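Chain by chain, the residues:
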Amino acid sequence: MGVAGLNEVADGVFELRLPIPFEDGLVNVFLFAGGDHVDLLDCGMNSEESLALIHSALEELGGKPLRKLVVTHIHPDHYGAAGVLAGPGAADLYLHRLEVPLVNPRYVELEHLVEEVRRYLLVNGVPGEEAEVLSNSQRALSQVVAPAEPAVQLDGAETLTLGRTELRVEWTPGHSPGHVCLYAEEGGLLFAGDHMLPDLSPNIGLHPQSTPDPLHEYLEGLRRMAALKPRLILPAHGRPFTDAAGRVEILTAHHRRRLDRVREIVAEGELTAWEVALKLWGERSNLYEKRLALQEGLAHLQALAVDGALEKLVSPVAVVWRSAPHG
Ligand SMILES: [Zn+2]
Ligand SMILES: [Zn+2]
């Protein structure tokens, strides 16, 4: 017996690895067993294969019903199956309130957001034809997401009991506006979602659905999570790891180097974000990556402008960046 990909990581806490068609091909979700029910943190995509694994894991844990579904953020690999598992007569969905308004425009009524993104790409220097294609690249994702209404909207700092484990909600914006981590003080477990990953630097992008200065928020959130001094970090991608402070230092240094590089590039003259992204990463063939690269470049440009190192010049038709005279 034994469900493939299900392993106990702490007393009554089980990691389940679910298939996804991107990143390293797996997302980790967590089941918390206790009493007459099971609670779940993140739920994978809305695919038959992924849902079958969740159901066999529940079966293995005694066939008890799902009570709470907490979602770290609304990206398809974390939130996709929410509409299947949560809702009236099913589990209660817990979601940070800054994620809630992102769901409909992104996954249900896409037309407005697709048009907004197209205009956003154009003002940031993306050529017309490419902007058309890139703005439509979101459509495919809506097929693997079944949205659900949250039963509880989180602010951050709530104490939740999942299974037998008491956890504090840590609001960690940056990768997504309402991204949350969960921290169990007893045992020192940090469920880090996409905020802190062992092998990848999560995408931090400025775009129409992001917060206005995501990079600063992200770095501040990393410092807060390191200050908790967790014993074990349980990420949504990759294997559990220790030494939060060391990982935060590496991630922070990565962004510092990129900020320096963006400053050097902009010192060559007035540029659009698209021009900066091309100089940073060169031409990318994968459409989704191209858009992520532009948005990541924009997050760095914005952070530098907030710090006064760059000037950001805006009009209805173009956004350009140049060195600040005293930056
Ligand atoms: Zn994500
Ligand atoms: Zn993810």
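What comes next concerns the included structure. (Residues numbered from 1 in each chain as written. Chains lettered and ligands numbered in written order. Predicted model: local features only at pLDDT ≥ 70, side-chain atom pairs only at ≥ 80, totals over all residues. Heavy atoms only, no water.)

## Quick word on the overall build of the protein chain
Stated formally: Secondary structure elements follow DSSP: runs of H or I no shorter than four residues count as helices, runs of E no shorter than two count as strands, and numbering proceeds from the N terminus. For a compact globule the rule gives 2.2 Å times the number of residues to the power 0.38, and the radius of gyration it is set against comes from C-alpha atoms. Under the scheme applied here, a residue whose accessible area is under 20% of the maximum for its type counts as buried, over 50% as exposed, and between as partly exposed, the area being computed with a 1.4 Å probe on protein chains only. Whether two residues touch is decided by their heavy atoms; if any such pair falls within 4.5 Å, the residues are in contact. For the accessible areas, the method is Shrake-Rupley and the probe is 1.4 Å, while residue cover comes only from the protein chains on display. Neither His nor the chain ends contribute to the count of charged residues, in which Lys and Arg are positive and Asp and Glu negative. Note that the charge is assigned to NZ on lysines, CZ on arginines, CG on aspartates and CD on glutamates.
Helix and strand counts for the protein chain stand at 10 helices and 14 strands. Relative to a compact globule of 327 residues, whose C-alpha radius of gyration would be 20 Å, the protein chain shows 20 Å and is just as compact. Seen through its C-alpha atoms, the protein chain measures out along the principal axes to roughly 65 × 40 × 30 Å. Evaluated residue by residue, the protein chain yields a buried proportion of 56% over its 327 residues. Contacts in the protein chain between residues at least 24 apart in sequence constitute 65% of all its contacts with a sequence separation of at least 6. When the accessible area of the protein chain is evaluated, it comes to approximately 13900 Å², of which 52% is carbon and sulfur surface. Taken as two groups, the 28 positive and 46 negative side-chain charges of the protein chain have centres that lie 5 Å from each other.

## Focus on the coordination of the zinc ion (ligand 1)
Applicable threshold: Sites may look incomplete because water is not among the atoms; the donors themselves are N, O and S atoms within 2.8 Å of the metal, or within 3.2 Å for Na, K and Ca. Just to be clear on the cut-offs, tetrahedral is four donors with all angles between 85 and 135 degrees, square planar is four donors and octahedral six with opposite donors over 155 degrees apart and all others between 65 and 115, and anything else goes down as irregular.
Those donors, His73 (NE2), His75 (ND1), His175 (NE2) and Asp194 (OD), are the protein atoms that reach the zinc ion (ligand 1), and they lie 2.1 to 2.2 Å from it. Relative to the metal, the 4 donor atoms surrounding the zinc ion (ligand 1) lie at angles of 91 to 173°, and the coordination shape comes out irregular. Sequence positions of the residues that donate to the zinc ion (ligand 1) give the spacing H-x1-H-x99-H-x18-D. Taken as a pair, the zinc ion (ligand 1) and the zinc ion (ligand 2) show a spacing of 3.6 Å, with Asp194 coordinating each metal. Of this pair, His73 sits in the loop between strand 5 (66-70) and helix 2 (76-79) while Asp194 sits in the loop between strand 11 (189-193) and helix 7 (214-227), placing them 121 residues apart in sequence.

## Some points on the coordination of the zinc ion (ligand 2)
The coordination sphere of the zinc ion (ligand 2) contains the protein donors Asp77 (OD), His78 (NE2), Asp194 (OD), Asp194 (OD) and His237 (NE2), at a distance range of 2.1 to 2.8 Å. Considered as a linear motif, the donors of the zinc ion (ligand 2) on their single chain read D-H-x115-D-x42-H.

## Brief notes about empty space enclosed by the protein
Counted only if it meets this: Whether a set of points on the 1 Å grid over the protein atoms alone is a cavity depends on a 1.4 Å probe fitting there but being unable to get out, while an open set qualifies as a pocket with protein on both sides within 12 Å along at least five of seven lines; lining residues are those with an atom within 4 Å of a point. Grid points are joined across faces, edges and corners, and a volume is the space filled by probe spheres set on the points. The nonpolar class holds Ala, Val, Leu, Ile, Met, Phe, Trp, Tyr, Cys and Pro. Asp, Glu, Lys and Arg form the charged class, and all remaining residues, Gly among them, are polar.
If you walk through the whole model with that rule in mind, you get 3 cavities of 30 Å³ or more. A volume near 50 Å³ is recorded for the second largest cavity. If you go around the second largest cavity, the residues you meet are Pro105, Arg106, Leu110, Leu113, Val114, Val117, Ser135, Gln138 and Arg291. At the level of elements, helix 4 (100-108) and helix 5 (110-123) are the ones that each hand at least two residues to the lining of the second largest cavity. Residue contributions to the lining of the second largest cavity peak at 4 residues, all from helix 5. Here the lining of the second largest cavity is composed, by residue class, of 5 nonpolar, 2 polar and 2 charged.

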